[in-house]
Amino acid sequence: MARVKSWSLALVFLCISLGYLVNADDDNNGGFGASFIFGDSLVDAGNNNYLPILSKANIPPNGIDFKASGGNPTGRYTNGRTIGDIEKNWEYQNYAVPYLAPNSTGKAILYGVNYASGGGGVMNATGRIFVKRLGLDIQIDFFNNTRKQFDKLLGSSKAKDYITRKSIFSITIGANDFLNNYLLPVLSIGARISDSPDGFIEDMINHLRNQLTRLYQLDARKFVIGNVGPIGCIPYQKTINQLNENECVDLANKLAMQYNARLKDLLTELNGKLPGAKFVHANVYDLVMELIINYEKYGFTSASKACCGNGGQFAGIIPCGPTSSMCKDRDKHVFWDPYHPSEAANLIIARQLLYGSTKFISPVNLKQFRNL
């Protein structure tokens, strides 16, 4: 879930962000609403560029394959598009603007707004090593401001209809809460002594329940929630734990699976508790694990080594930057850097979420959800 050694930023698999196939105003986008994206570095489109934070991706060669910028870095933690970008723009051409960007005003926000921040998490303490990151609570505060702007742009009645009936809220968050909070050396010792894994996960679920309910109270109705992926399999984790190519860190993956089971229960609860709300569950864990285990089937040559990075067998210690080693075959690596997937991997993940079966996205895929 960068410039800092944060296995969280990478949470490459986490919860994946599920931007969505939506565009802007009714005349130009077939009646679809906005895409509101919340999360961490997996879907950060540049918010961290405007923060006094240690973790940023606005340096080359990040963005080298991002056509919209001519290959220049934009603050995305990958070589090209994030999953949120792809899901939103598979059919259309407008990206959700980063909330902190100067152009996040006026009609631009009708296409959607991206609030995600590398290092952010469900819990407010998550990512404090990076200093000024945006946790989910703050991201929702920012959406509250956006909600008021919609009333001014469209009028209260049309704005409410636009948001409740046509817009998609995607949330890709949670992995940093483990890898950059509960499991973070030194900073997490106190928490781990006083809080068991069960207790910490219960705290996360309670916080997330309140956060999703708050979005509902701000007129969100259509939600896409990704679970936490196999965070023990990213190059950083494999490198620092001196694992073999086909091994992953067991504890990190077990925590992810335990959280994922509770998350699925929470979404079932909220589907029954919040009138008119629809929660779609993205099974990112199984989706990404499938990609890692059967990487050759999908045209990759490596699912262990970072394309851009330095240090150790899997180039998993030093984040991607101007002095990093970079592979020539960027579309053949599952991982772009020690923490995040490549655009090629994002394309496969997004395709499954958009058009796939209930094995990976349920009760409907994103293409079907768009039309509900």
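Calculation criteria
Residues numbered from 1 in each chain as written. Predicted model: local features only at pLDDT ≥ 70, side-chain atom pairs only at ≥ 80, totals over all residues. Heavy atoms only, no water. Pairing = 2+ DSSP bridges. Helix = DSSP H or I, 4+ residues; strand = E, 2+ residues; numbered from the N terminus. Contact = heavy atoms within 4.5 Å. Axes fitted to C-alpha atoms, helices over the stretch in contact; angles between N-to-C directions. pLDDT = per-residue confidence, 0-100. Buried < 20%, exposed > 50% of the residue type's maximum accessible area, 1.4 Å probe, protein only. Parallel < 35°, antiparallel > 145°, perpendicular 65-115°, else oblique. Left-handed = near helix turned anticlockwise from the far one by under 90°. Nonpolar A, V, L, I, M, F, W, Y, C, P; charged D, E, K, R; others polar.

Q: Would you take a moment to explain the sheet that holds strand β9 (residues 361-362) for this structure?
A: Sheets are built from strands that pair by backbone hydrogen bonding, the pairs being arranged parallel or antiparallel. As summarised here, the arrangement of the seven strands in space is β2-β3-β1-β4-β5-β6-β9, forming an open sheet in which the pairing is mixed. Pairing within the sheet leaves two strands with one partner each, and these edge strands are β2 (97-98) and β9. Sheet topology places strand β4 (residues 168-172) next to strand β5 (residues 222-226); three bridges connect them, and they run parallel. Residue phenylalanine 169 lies in a different strand from β5, and its bridge partner there is phenylalanine 223. Packed onto the sheet, helix α6 (residues 197-217) meets β1 (35-39), β4, β5 and β6 (278-282) and runs at close to 160° relative to β5.

Q: Is there a simple way to explain the confidence of the model for the protein chain in this structure?
A: Close inspection of predicted coordinates is inappropriate for parts of the model with low pLDDT. Of the residues in the protein chain, 87% reach a pLDDT of 70 or more, and the chain-wide mean stands at 89. A low-confidence stretch, residues 1-30 (pLDDT under 50), is modelled with 194 contacts involving residues beyond four sequence positions or located in other chains.

Q: I'm lost on helix α3 (residues 156-166) in this one. Help?
A: Because the α-helix completes a turn every 3.6 residues, residues three or four places apart line up on one side. Those residues of α3 lying buried are Ala159, Tyr162, Ile163, Thr164 and Lys166. Where α3 is buried, its residues meet α2 (136-154), β4 and β5.

Q: What should I look at first to understand the environment of tyrosine 99 in this one?
A: Mapped onto the elements, tyrosine 99 comes out in the loop between β2 and β3 (112-114). Residue class for tyrosine 99 comes out buried when judged on its relative accessible area of 16%. For the pair formed by tyrosine 99 and phenylalanine 143, sequence separation is 44 residues and the distance between their alpha carbons is 8.6 Å. Sequence-distant contacts of tyrosine 99, defined by excluding residues within four places in its chain, comprise Asn47, Ser104, Val113, Asn114, Tyr115, Phe142, Asn145 and Thr146.

Q: Help me understand the packing of helix α9 (residues 284-293) against helix α10 (residues 343-355) in this model?
A: For any two helices packed against each other, the geometry is given by the interaxial angle and the distance between the axes. Two elements in contact, α9 and α10, have axes separated by 11 Å at closest approach and are oriented at 135°. It follows that α9 is oblique to α10 by the angle criterion. α10 is crossed by α9, and the crossing has right-handed handedness. Facing Leu287, Val288 and Leu291 of α9, the residues of α10 in contact are Ala345, Ile348, Ile349, Gln352 and Leu353. Residue composition of the contact of α9 with α10, by class: seven nonpolar, one polar and no charged.

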